[in-house]
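One-letter residues, chain by chain:
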Amino acid sequence: MLTVSRLNKSYRIPSGALSVLRDVNLQVARGESLALTGESGSGKSTLLHLIAGLDDPDAGTILLDDAQISSLSENERARVRRDRLGLVFQQFNLIPSLKVADNLAFQARIADRFDAAWQRELADRLGLSDLLDRYPEQLSGGQQQRVAIGRALANRPQLVLADEPTGNLDEATADEVVQLMTDLVKASGCSLLMVTHSMRLASLLDRRTHLTGGRIA
Amino acid sequence: MTGGAWTLRVLFSHWTRHPMQLATLLIGLMSATALLSGVQAINTQARLSYDRAAASFGGGATAMLVPAHATTVPQSLFSDLRRAGWLVSPVVEGRVRIDGRQIRLIGIEPISLPRGAGPAPSIDQAALQKFLAAEGQTLIAPETAREIAGTEGARLETDAGEPLPPLHLASELSPNLLVMDIAWAQRALRMPDRISRFLLDSAAAGERTPLADVAGDSLDLVDAGAQTDLQRLTASFHLNLTAFGLLSFLVGLFLVHSAIGLAFEQRLPMLRTLRACGVSPRGLLAALVVELVLLALVAGLGGVVSGFFLASALLPDVAASLRGLYGASVSGELGLAPQWWLAGLGMSIAGALLAAAHALVKVFRLPLLASAQPFAWQDAQRRWLRWQAVLACAAFVVAAVCLTLGTSLVAAFAVLGGILLGAALLLPPLLNLLLRAGEGMSRRPVAMWAWADSRQQLSGLSLALMALLLALAVNVGVGTMVGSFERTFNRWLDGRLSSEIYLVAKDPAQAAAIEADLRSRPDVDAVLPSARAETKLSGEQVEVLGLADHATYREFWPLLEFSPDVWDRVRDGTAILISEQLARRLNLHIGDRLRIPSSGEWIATVGGIYADYGNPKGQIIVNVDQLLHRFDNAERTRFGVRIAPAKVAALMAELQARFALGGTSLADQATVKAESRRIFSRTFAITAALNAFTLAVAGTALFTSLLTLGQARLPQLAPLWAIGLTRRRIAGLELLKTMLLALLTALLALPLGIIVAWCLIEVVNVKAFGWRLPLTIFPAQLGQLLIVAMIAALFATLLPTIKLARIKPITLLKIFADER
């Protein structure tokens, strides 16, 4: 479903070019969950950003089914993110001025794919049913991340991209959140690509691949 | 709800969580719209009145034949012209006094009136019969009838004893105007067989004998649509008003820009999240524009309503100023056309988009991956400081070029605009330098932090401080200009009004009786007869004032330049004195020869130039006997009386009793001076009001910026609290820092204000009114304004400071928590 081929990315720094990704190849099958591990600065987040169409690669291709992400326009990439992807960030990135219920529904609403029954089920399974009328600032970190996961899954995406989703959480909460996410991903039939530096969390997913020095090990 | 609507909902949800920011934005837009649309409403109302006056039987809307060298022409020319194929209609025009009030009177001949000679008022067949009947009709606007206590059918008499036909109310007629059949008018104006101008039916084509063959060089053809005297005379006044309106609009937009900038800055993480969730850059931009337009519509409506009330409050003063200065009758009641509402809303939307343009461009180019840094924009603003300095220099260059090469009033305002804009742009870089110097000199750590933090705070406050600088500088400038003007005007008034009593007789017979009586009294030191006439020079209406040859004038008349023996030559009729504005307008100098259109040929030398403040018309002074000799219609009915001040009241009472003089026919020096000063102060009333509003808007800008910044600055303040500074001390430091910035801004505003005053006096006034006055600086006034500015800044700072001093520790702790 997701095929990344010979992907290269470098950034300009005062002393020249800093190569972050070198000939990266990666595949994620439909319904599969893949953990992308690696040390800090190995290029994990960069790879995730490129797959999400948030940044442009220098070379290589990213295919999400029939869509070649790297050759799409800004607006087309936005449409892919809206309709086919779900993003979960380390910093939660919830909309502080919307209540939990609206945050959960937001992406599905703008994609015009809102499903009230699925929304209720998500809220139940994420343990958010009693918190729907609250604002994000009134929630704990774990609760906020559960809202972010719910938002990413609300429009039933093909692929969920999670960038260190437990980086701001304690170990117990992190386990709980990742378990929830993998369960829900399976329930919704989508794929998951999760960036993490925790081997323990990576072991909870179907498969693991390691990135070191910008290359797949 | 569609995706776009959801995006919009998310954007609006920010305002529900930040009502203060929303209030700032709305207040800014409302103030800007209210001030500008209020001024526009006043200008529109005045122009409507001019148009009504112009449309009254061809004021300026119809082609005309006007006397070339005199004020009137013989009536016999009417039949000559008609026979020669010129389809003209005669008009006689002048002013009459009714109960001491001067009213414009127009006499028409309705049968020959050209089609479209003026829609106001149209006379139908039935009305025509009444108008032309022996009894006749005096058409009058209802508001004027109310003012002179006249009702439908009432018969009035002029103060000179001439009866007028019964009144007929005509709502479409312009105020302070009487219209009647020409025969009645000639009697009332005592202008038998004289015509002031001919209206010409230019639409009716046909064979015409050349004008010169019929009337020689006695008539000039004036095309339809030519600018009327009133429009020309009042153009400067309205341009001044518009300039102040625009300045207030600009200050309001600073407030809007500041509010929008901060709102965008605070919403950056939200905007990034929206983009990450799949909202396209174009979709996000469209949603932001729709959001802005909706907010601008709400604020615009509020602004237009406030502008209406503002204009209603100011209009009576403006109408009085226009009447006092230009003799223009402007209705004191405000009429509102739909286009005014639309223009107000348009102004609000355009202002909001203009103020947000920078922010919108930044959002469109927003890099998706930059981490959410609340102060990223301020870093960019620091780079922008350099650009601001460059732009400031460019604005100063534009001002210098306009000052050197410009000749029009618009160029004069461009000079003023360039200086103000340049100074405002230069303020943040200048403050940055001063704060950097302060930082360099401080040794104690908290002081070093305070200076450094002030510099960091500068970018968030710079717009509010720029608004404060502009408002203060304009206040100083206008205050200094008005003060200088007032001082000069009072000295000038003492010179101009040197007689103790002024009186106007009903007619020459009464004048002769009064003069004889006065001359026989041993307590009267001198009787100074004077007379007035009107003429045209280079197409402009000019007053001719005849004065007696007397030591009073030789000693006190405010001459600016003069030739030797000027008063002797004025007495002989070989020299004249001209007003400063006439000299500037016609580029006349001492020794120049001038042909004065009068009953006969009169060429005289300019012997002196005198100050004539407050008079928009040009004025010539001649000897009174020369004037009576050369102007057929002039009457020796005005007198100045020199008498010991102690005897003024007794003589006035006696004159009142013996000659039934009253109202404005008899006045003592103190009354005339007081009236002149009243007109003077009313002239600047609207300027003072707009000044105060501008300062209030600037104060609000500072207040709201501080309030909005308060929350955003917590990450800078929380570490200080954590390392041991109390909340109260931090709040005190914040207060000190803001007051320091306000003080530096106010101190910079003082010299800028004096430059503005110089510009107003030496450039704008000279081009607008034609006179120049000496610049006087009033240190006490400057000190007072500085104190007002500091009090305004203190009030603006107080609430945010109190909020900070009482902030809960948990709020500060959240700064250090991840889940913030």
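Quick note: structure is the one above.
Residues numbered from 1 in each chain as written. Chains lettered and ligands numbered in written order. Predicted model: local features only at pLDDT ≥ 70, side-chain atom pairs only at ≥ 80, totals over all residues. Heavy atoms only, no water.

*Asks:* Before we move on, can you summarise the overall build of chain A with the specific residues and values?
*Replies:* Along the backbone of chain A there are seven helices and ten strands. When each of the 217 residues of chain A is scored for burial, the buried share is 57%. When contacts within chain A are restricted to residue pairs at least 6 apart in sequence, long-range pairs at least 24 apart make up 73% of them. (Helix = DSSP H or I, 4+ residues; strand = E, 2+ residues; numbered from the N terminus. Buried < 20%, exposed > 50% of the residue type's maximum accessible area, 1.4 Å probe, protein only. Contact = heavy atoms within 4.5 Å.)

*Asks:* Before we move on, can you summarise the overall build of chain B with the specific residues and values?
*Replies:* Broken down by element type, chain B carries 25 helices and 20 strands. Of all 820 residues assigned to chain B, the portion counted as buried reaches 55%. Long-range pairs, those at least 24 residues apart, make up 81% of the contacts in chain B with a sequence separation of at least 6. Of the roughly 33,900 Å² of accessible surface on chain B, a fraction of 61% belongs to carbon and sulfur atoms. (Areas by Shrake-Rupley, 256 points an atom, 1.4 Å probe, with all protein chains shown as cover.)

*Asks:* Tell me about the interface of chain B and chain A, and please be specific about residues and values.
*Replies:* Facing the 23 residues of chain B at the interface are 27 residues of chain A. Roughly 2,400 Å² of surface becomes buried between chain B and chain A when both sides are summed, with 60% attributable to carbon and sulfur atoms. Scanning the region where chain B abuts chain A turns up three salt bridges. The partner of R17 of chain B in a salt bridge is E137 of chain A, with the nearest N and O atoms 2.9 Å apart. Counting every contact that joins chain B to chain A gives six residue pairs in polar contact (both at pLDDT 80 or more). Contributing elements (two or more residues each) for the side of chain B that touches chain A: α1 (3-17), α8 (229-276) and α9 (281-326) of chain B. For the side of chain B that touches chain A, the leading source of residues is α1 of chain B, giving eight residues. (Buried area = accessible area lost by both parts, 1.4 Å probe. Salt bridge = Lys/Arg side-chain N within 4 Å of Asp/Glu carboxyl O. Polar contact = N/O pair within 3.5 Å; in protein donor to acceptor, adjacent residues only side chain to side chain.)

*Asks:* Account for the packing of aromatic side chains, naming residues and giving values.
*Replies:* Residues and elements named next belong to chain B. Within the structure shown, the criterion is met by four aromatic pairs over all chains. Residues Y553 and W557 carry aromatic rings whose centres are separated by 6.0 Å and whose planes lie at 75° to one another, so their mutual orientation is edge-to-face. Of the residues examined, W557 reaches a relative accessible area of 7% and is grouped as buried. Ring geometry for W557 versus Y610: centroids 5.7 Å apart, planes at 65°, classification edge-to-face. (Phe/Tyr/Trp six-rings, centres within 6.5 Å; stacked < 30°, edge-to-face > 60°.)

*Asks:* Could you give an account of the sheet that holds strand β8 (residues 191-195) of chain A, naming the residues involved and the relevant values?
*Replies:* Residue and element names in this part refer to chain A. A sheet is described by the order of its strands in space; here six strands give the open sequence β6-β7-β8-β3-β9-β10, paired in mixed fashion. In the strand order of this sheet, the two ends are held by β6 (85-88) and β10 (215-216), each with one partner. As judged from the four bridges shared by strand β3 (residues 33-37) and strand β9 (residues 207-212), these two strands associate in the parallel manner. Paired with A35 across the bridge in β9 is R208. Against the sheet, helix α1 (residues 44-51) engages β3, β6, β7 (159-163), β8 and β9, with an angle of about 150° to β7. (Pairing = 2+ DSSP bridges. Axes fitted to C-alpha atoms, helices over the stretch in contact; angles between N-to-C directions.)

*Asks:* Talk me through the packing of helix α3 (residues 100-110) of chain A against α1 of chain B; I want residue IDs and the actual numbers.
*Replies:* Between α3 of chain A and α1 of chain B, the shortest axis-to-axis distance is 8 Å and the interhelical angle comes to 145°. The hand of the α3 of chain A/α1 of chain B crossing is left-handed. Counted together, D102, F106, R109 and I110 of chain A of α3 of chain A and G3, W6, T7, R9 and V10 of chain B of α1 of chain B form the full contact between these two elements. The residue makeup of the contact of α3 of chain A with α1 of chain B, split by class, is four nonpolar, two polar and three charged. (Left-handed = near helix turned anticlockwise from the far one by under 90°. Nonpolar A, V, L, I, M, F, W, Y, C, P; charged D, E, K, R; others polar.)

*Asks:* Which residues make up helix α19 (residues 648-659) of chain B, and what values go with them?
*Replies:* Residues and elements named next belong to chain B. Relative to the 16 Å expected for twelve residues at 1.5 Å per residue, α19 spans 16 Å between its end C-alpha atoms, a close match to the ideal helical length. Here α19 has its buried residues at V648, L651, M652, L655 and F659. Projected down its long axis, α19 carries its buried residues within an arc of 100°, all on one side. Among the exposed residues of α19, those oriented more than 90 degrees off its buried face are A649, A650 and A657. Summarising the contacts, the buried residues of α19 are in contact with β11 (501-504), α14 (508-519), β12 (524-537), β19 (638-643) and β20 (666-668). Note on α19: the residue one or two positions beyond its end, A660, has a positive phi of about 55°. (Expected span 1.5 Å × (residues − 1). Arc of directions from axis to C-beta.)

*Asks:* Quick rundown of the nonpolar core? Include the residues and the values.
*Replies:* Grouped together as the largest cluster of nonpolar side chains are 93 residues, with contacts concentrated most on L416, L420, L465, L472, Y613 and L702 of chain B. Considering each element in turn, this core owes the most residues, 22 residues, to helix α13 (residues 445-496) of chain B. Looking at which domains feed residues into this core, each of domain 1 (1-57 + 239-368) and domain 3 (381-494 + 684-820) of chain B gives three or more. Ignoring any residue separated from it by four or fewer positions in sequence, one finds L702 of chain B in contact with L461, A464, L465, L468, A793 and A796 of chain B. Counting 42 residues, the second largest nonpolar core, distinct from the first, contains L98 and F106 of chain A together with L26 and A352 of chain B. (Core = buried A, V, L, I, M, F, W, Y, C linked by side-chain atoms within 4.5 Å. Domains from an automatic or database assignment.)

*Asks:* For the environment of D220 of chain B, give the residues involved together with the corresponding values.
*Replies:* All names here are of chain B. Counting through the fold element by element, D220 comes out in strand β10 (residues 219-222). Sequence separation of D220 and L65 is 155 residues, and the distance between their C-alpha atoms is 5.4 Å. Discounting residues that sit within four places of it in the chain, D220 has contacts with M64, L65, V66 and A68.

*Asks:* Quick one: what's the story with the side chain of S579 of chain B, residue by residue and with numbers?
*Replies:* Residues and elements named next belong to chain B. Within the fold, S579 resides in strand β15 (residues 575-579). The buried category is assigned to S579, whose relative accessible area is 0%. Ignoring sequence-local partners within four residues, the contact set of S579 consists of I609, Y610, D612, G618 and Q619.

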